[in-house]
Amino acid sequence: MRRTVFNEDHEAFRETIRDFIEAEVVPVYDEWFAAGQAPRDFYYKLGELGIFGINVPEEFGGAGLDSHKFEAVLYEETARAGVQFGGSGVHVLLALPYIKMLATDEQKKRYLPKFATGEEMWAIAMTEPGTGSDLAGMKTTAKLSEGGTHYVLNGAKTFITGGVHADKVIVCARTAAPTAEDRRFGISLFAVDTKSEGYSVGRKLDKLGLRTSDTAELAFVDVKVPVEDLLGEENKGFSYLGHNLASERWGIAFGAYAQAKAAVRFAKQYVQERTVFGKPVAHFQNTKFELAACQAEVDAAEAVADRATEALDAGELTPAEAASAKLFCTEVAHRVIDRCLQLHGGYGYMNEYPIARLYADNRVNRIYGGTSEIMKSIIAKDMGL
């Protein structure tokens, strides 16, 4: 089946990204993996390549496009090469929509030019120790000073992707107590400078997968945040957080599909080269049947991912459709990657093989952005159940 989601511009971008990965990432990726993060200067290279500015308005140094299809190409090409671009995905997929949606013109002038070049890397801090997915239960507070010039931020966050290298972090904090009618009331969003006094980065967390993506704990002790860095209106943060969930879940869905597609590629190459009992592993009927079944699942996931991409670009991707795409694509990737690792035998368990890293990287897809169980609840509610 011929795909129609990408045009000539996307394919030209794909060639550029593929060449970039081969020249700048593959030769040093083992070093990144061992260090547990990509180096900070790598993000400057992504900025120079124009990756961070694709969806940034032209007046702020970007390309001014309004499409997620170039991000989709990035997902496919990084998965194909068995690499990650560190924590940069959060910078573009999660942080940028909030800036574009909530920032004033004055804030955009301050934030976006450095965002596009990679001079300032952004992360977003929602999750707290002990609260997990229950964002309404967050304890971090931001109290307005007596003079009304700044907020005083206190609290802690965890699982913050990009948290080690971040220069700016969108921090979710309570500016008012929840009401009896609405426990979600009272949350606000702030663009916090990580060089602020009282701001500290705790442990760089030791994760099962996504090893080159720096993930950290953050702490705030009487951090002064200028009122000029409040994003949107005070106390309305929870509604803002829900607004961007569809694009976040699309990203996880498309990334999972891309990983499944890459897994089939890795397994096919391996079984054609590996011999047992004097024959290539690909010669055996079980191998053919396993890969054929995996390919069929990848074809289905590709169709779902492409349809969600078109809907997202058209502004028509509903929360339930995003949940459905995430649920389906992440569950497919789980099954396909596991079966492809099995075809590698013992070598599939070794980190020197991309399938092993892919197996670990993929596991979080069914957790973050909303667990598979949460996705089922959203879909069921949309069905009227």
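As a reminder, the structure under discussion sits directly above these lines.
No experiment lies behind these values; they were computed from the predicted model shown.

Participant: Describe unusual backbone geometry, naming the residues involved and giving the relevant values.
Facilitator: In the Ramachandran plot, Phe159 falls in the positive-phi region, its phi being about 60° despite a non-glycine side chain. The topology assignment puts Phe159 in strand 3 (residues 150-161). With phi around 75°, Asn235 is a residue other than glycine that occupies positive phi space. Relative to the assigned elements, Asn235 resides in the loop between strand 8 (230-231) and helix 7 (237-243). Since its relative accessible area comes to 16%, Asn235 is described here as buried.

Participant: Got a sec to walk through the side chain of His68? Specific residues and values, please.
Facilitator: In this fold, His68 is placed in the loop between helix 3 (40-49) and helix 4 (69-81). Owing to a relative accessible area of 16%, His68 belongs among the buried residues under this scheme. If we ignore the near neighbours within four places in the chain, the residues touching His68 are Leu93, Ser247, Trp250, Leu312 and Asp313.

Participant: Lay out the side chain of Thr215 in plain terms, naming residues and giving numbers.
Facilitator: Positionally, Thr215 belongs in strand 7 (residues 215-226). Side-chain polar atoms of Thr215 contact the side chain of Lys207, separated by 3.2 Å. Among residues more than four places away in sequence, those in contact with Thr215 are Phe159, Ile160, Thr161, Arg203, Lys204, Leu205 and Lys207.

Participant: Mind laying out the packing of aromatic side chains, listing which residues take part and the relevant values?
Facilitator: Centre distance and the angle of the planes are the two values used to describe a pair of aromatic rings. For the structure shown, the criterion picks out 16 aromatic pairs. Their ring planes at 55° and their centres at 5.9 Å tell us that Tyr29 and Trp32 sit as a pair that is tilted. A residue pair is termed a helical-turn pair when its members lie 3 or 4 positions apart in one helix, as Tyr29 and Trp32 do in helix 2 (residues 29-35) at three residues. In this pair, the class of Tyr29 matches that of Trp32, namely buried. In textbook terms, an aromatic cluster arises when at least three aromatic residues are bridged by ring pairs, as seen for Phe20, Tyr29, Trp32, Phe42, Tyr43 and Phe85.

Participant: Can you lay out the packing of helix 8 (residues 245-273) against helix 11 (residues 354-362) for me, pointing to particular residues and giving the numbers?
Facilitator: Close contact between helix 8 and helix 11 brings their axes to 10 Å; oriented N to C, the two are set at 160°. Considering the angle they form, helix 8 stands roughly antiparallel to helix 11. Two packed elements cross with a definite hand, and for helix 8 against helix 11 that hand is left-handed. Two secondary-structure elements touch here, helix 8 through Ala256, Gln259, Ala262, Ala263 and Phe266 and helix 11 through Pro354, Ile355, Leu358, Asp361 and Asn362.

Participant: Describe in detail the state of the cysteines, supporting the description with residues and values.
Facilitator: Counted according to the given criterion, the structure contains zero disulfides. Looking at Cys329, it has no disulfide partner, and the nearest cysteine sulfur is the one in Cys294, 15 Å off.

Participant: Summarise the packing of helix 1 (residues 8-25) against helix 4; cite the residues concerned and give the values.
Facilitator: Helices that pack against each other are described as a pair by the angle of their axes relative to one another and the distance between those axes. Taken N-terminus to C-terminus, the directions of helix 1 and helix 4 make an angle of 35°; their axes are 10 Å apart at the nearest point. Here helix 1 and helix 4 pass one another in a crossing that is right-handed. Contacts between helix 1 and helix 4 involve Asp9, His10, Phe13, Arg14, Ile17, Arg18 and Ile21 from the former and Lys69, Phe70, Val73, Leu74, Glu76, Glu77, Thr78, Arg80 and Ala81 from the latter. Here the residues of the contact of helix 1 with helix 4 sort into seven nonpolar, two polar and seven charged.

The rules we used
- Sequence order as written defines the numbering, with residues in each chain counted from 1.
- Local features in this predicted model are restricted to residues whose pLDDT is 70 or higher, and side-chain atom pairs enter the listing and the counts only when it is 80 or higher, whereas totals over whole chains, interfaces and linings include all residues.
- The side-chain numbers reported here are obtained from all heavy atoms of the structure, hydrogens and water having been left aside.
- Secondary structure elements are defined from DSSP: runs of H or I of at least 4 residues count as helices, runs of E of at least 2 residues count as strands, and each element is numbered from the N terminus.
- Note on exposure labels: buried denotes an accessible area under 20% of the residue type's maximum, exposed denotes more than 50%, and partly exposed covers the range between, all computed with a 1.4 Å probe on protein chains only.
- Residue contacts are counted whenever heavy atoms from the two residues lie within 4.5 Å of one another.
- Residues adjacent in sequence count toward polar contacts only when both atoms are side-chain atoms; beyond that, a polar contact is any pair of N or O atoms within 3.5 Å, and within protein one must be able to donate a hydrogen and the other to accept it.
- Two aromatic rings, drawn from Phe, Tyr or Trp (for Trp, its six-membered ring), form a pair once their centres lie within 6.5 Å of each other, and the interplanar angle then sorts them: stacked below 30 degrees, edge-to-face above 60, tilted otherwise.
- Between N-to-C directions, angles span 0 to 180 degrees; the directions come from axes that are lines fitted to C-alpha atoms, helices contributing only their stretch in contact.
- Angles below 35 degrees are treated as roughly parallel, those above 145 as roughly antiparallel, those between 65 and 115 as roughly perpendicular, and all remaining angles as oblique.
- A clockwise turn of the near helix away from the far one marks a right-handed crossing, whereas an anticlockwise turn of less than a right angle marks a left-handed crossing.
- In what follows, a disulfide is any cysteine sulfur pair within 2.5 Å.
- Side-chain classes are defined by residue name, with Ala, Val, Leu, Ile, Met, Phe, Trp, Tyr, Cys and Pro counting as nonpolar, Asp, Glu, Lys and Arg as charged, and the others, Gly among them, as polar.

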